[in-house]
Structures are given as structure tokens and as C-alpha cells.
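Observations on the three-dimensional arrangement
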Amino acid sequence: SAVISQKPSRDICQRGTSLTIQCQVDSQVTMMFWYRQQPGQSLTLIATANQGSEATYESGFVIDKFPISRPNLTFSTLTVSNLSPEDSSIYLCSVEKKTGADNEQFFGPGTRLTVL
Amino acid sequence: GQNIDQPTEMTATEGAIVQINCTYQTSGFNGLFWYQQHAGEAPTFLSYNVLDGLEEKGRFSSFLSRSKGYSYLLLKELQMKDSASYLCAVYNTDKLIFGTGTRLQVFP
């Protein structure tokens, strides 16, 4: 399995500011992902964090709003920029790991963001 | 486009059996996952199907039919702690795409 920690676990931010979320994994992983989960909704993939190159963003998400860093195989950051109340959500880091013959995806505990 | 559909909400009684369906239409398919998510917590892995058929794991079983774009999660001997959201997710090439999620409420 994989143990994933995220910091901060929650934050309350003012409109127009930015929040950077850190994700740390206890072992090296190739694939790391960032998801958003709005209240009462399922998970939406924001981007794949690629080590050594720019992140791959899903439709509707752009680098200027959600810059991502992936300096090594155990760590990534997601910044949510120019915050608005619509960005209030839970942000989850996820990693993919091979377990036996299968690939399994594990999730961090999430960061709950409230924008005032 | 990508469509992964599940019923929004379901209710069941303690001790009963419930089946949560998931239909999908995706541009690629490399397997289907089921996750459980309790309120305020991260999703936790339940099952993974890549071939057609039924996979059984204790009280939980998952079925897949790739030709029909269909899966279900079967929960037996329901317990109160099974009240949670159940998320179907398709592994598409190199990423996991989630369905809408089903909120299951178990009553005594």
C-alpha cells in the first residue's frame, strides 16, 4: 500500500489569495494525481503531476489557476490561485502503485478549503 | 466524452443485500474500481475488475461486463457502518475517472 499525507488538512482563505497544498508519499511512485471533490459530489480529476515535466491538465482546468509541482517521486504540490468562493472544496492527492499484477490507486486524507 | 453513471442515492435495511449499479461509456478501458467513502474521509479501495465476471471479497462482490459497459457492487449482510458513498471509477489509459457516486443509507 501507500501512506499519503497532505498539508494543510484544512484552511480558510480570503478571496483573491492562493493556497498551496502539499502531498507526501512514503515511497516512490510514478503516477501522482490531484482531484477535487465539491460538497456532496464525486471526485473530479484536475491533473496528473508528472515528475520532471509539466503537469497534464484535464478539460476545464488550467495551469494558471492550478499550478502543480512534482520535484521528485514522493512529493507534489497543488496551488489554487486567485481564490473565489467557488473553489471551496476538498482537494485530494492520489498515487498509483502496483500491487501484485494490478495497479491500485490510493488517496490522501484530503485538504478541505473554504474561501470566504 | 466520458460518462460514468450511478444511482444518486439508495437505502437498505441492516442484514439485507444491496446492489449498486454503474454504467460507463469511456474512450478507453483498463479496468474498473469501486471505492467506499465515508463522510469527511478519503475514498478507500474496495475492488478492481479488469476481466468479465464476478470478484468476491468477503461481504462485497463486484461484477463486470465489458461488452455492456456495466458493473455492479453487491453488498451482503449489510451493517450500519456500510452507510457511505460508493464510487465507481474507470481506469482510462493512465488515469482514473470517477462516476457520480451513490450514497447508501443503511437503516436498522
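A quick note: this is a predicted structure, and the numbers were derived from the prediction, not measured. (Residues numbered from 1 in each chain as written. Chains lettered and ligands numbered in written order. Predicted model: local features only at pLDDT ≥ 70, side-chain atom pairs only at ≥ 80, totals over all residues. Heavy atoms only, no water.)

Position of F98(B) relative to the elements: it lies in strand β10 (residues 95-98). Between the C-alpha atoms of F98(B) and N30(B), which are 68 residues apart in sequence, the distance is 14 Å. Apart from residues no more than four positions distant in its own chain, F98(B) is found in contact with Y35(A), S42(A), L43(A), F107(A), I4(B), Y35(B), L87(B), C88(B) and A89(B). (Helix = DSSP H or I, 4+ residues; strand = E, 2+ residues; numbered from the N terminus. Contact = heavy atoms within 4.5 Å.)

What follows covers the interface of chain A and chain B. Contacts between chain A and chain B engage 19 residues on the former and 19 residues on the latter. Inspection of the region where chain A meets chain B yields six residue pairs in polar contact (both at pLDDT 80 or more). Elements that contribute at least two residues to the side of chain A that touches chain B include exactly β4 (31-37), β5 (43-49), β9 (89-99) and β10 (102-107) of chain A. Considering each element in turn, the side of chain A that touches chain B owes the most residues, five residues, to β10(A). Looking at the side of chain A that touches chain B residue by residue, the class counts come to eight nonpolar, six polar and five charged. (Polar contact = N/O pair within 3.5 Å; in protein donor to acceptor, adjacent residues only side chain to side chain. Nonpolar A, V, L, I, M, F, W, Y, C, P; charged D, E, K, R; others polar.)

Following the criterion strictly, the structure yields 15 aromatic pairs over all chains and no others. Ring centres of Y35(A) and F107(A) lie 5.6 Å apart, and the angle between their planes is 55 degrees; this geometry places the pair in the tilted category. In this pair, Y35(A) is assigned in strand β4 and F107(A) in strand β10, connecting sequence segments 72 residues apart. Accessibility classification places Y35(A) together with F107(A) in one group, the buried group. Both rings, one in Y35(A) and one in F98(B), keep their centres 5.5 Å apart while their planes meet at 90 degrees; by these two values the pair is edge-to-face. Of the two residues, Y35(A) is situated in strand β4 and F98(B) in strand β10; the pairing between them involves two chains. Across the pair, F98(B) and Y35(A) agree in class, each one buried. Taken together, the ring pairs connect Y35(A), F107(A), F33(B), Y35(B), F45(B), Y48(B), Y91(B) and F98(B) into an aromatic cluster. (Phe/Tyr/Trp six-rings, centres within 6.5 Å; stacked < 30°, edge-to-face > 60°. Buried < 20%, exposed > 50% of the residue type's maximum accessible area, 1.4 Å probe, protein only.)

Moving on: the pattern of salt bridges. Residue and element names in this part refer to chain B. Tallying each qualifying case throughout the model produces six salt bridges over all chains. Between D52 and R66 there is a salt bridge; the shortest N-O distance is 3.0 Å. One end of the pair, D52, is in the loop between β5 (44-49) and β6 (53-57); the other, R66, is in the loop between β7 (60-65) and β8 (70-75), and 14 residues separate them in sequence. You can call D52 partly exposed: its relative accessible area is 43%. (Salt bridge = Lys/Arg side-chain N within 4 Å of Asp/Glu carboxyl O.)

Residue and element names in this part refer to chain B. On the basis of which strands lie adjacent, the open sheet formed by five strands has the order β1-β3-β8-β7-β6 and antiparallel pairing. Each edge of the sheet is formed by a strand with only one pairing partner; in this case those strands are β1 (3-5) and β6. Each strand axis lies, on average, 15 degrees off the axis of its neighbour in the sheet, ignoring direction. (Pairing = 2+ DSSP bridges. Axes fitted to C-alpha atoms, helices over the stretch in contact; angles between N-to-C directions.)

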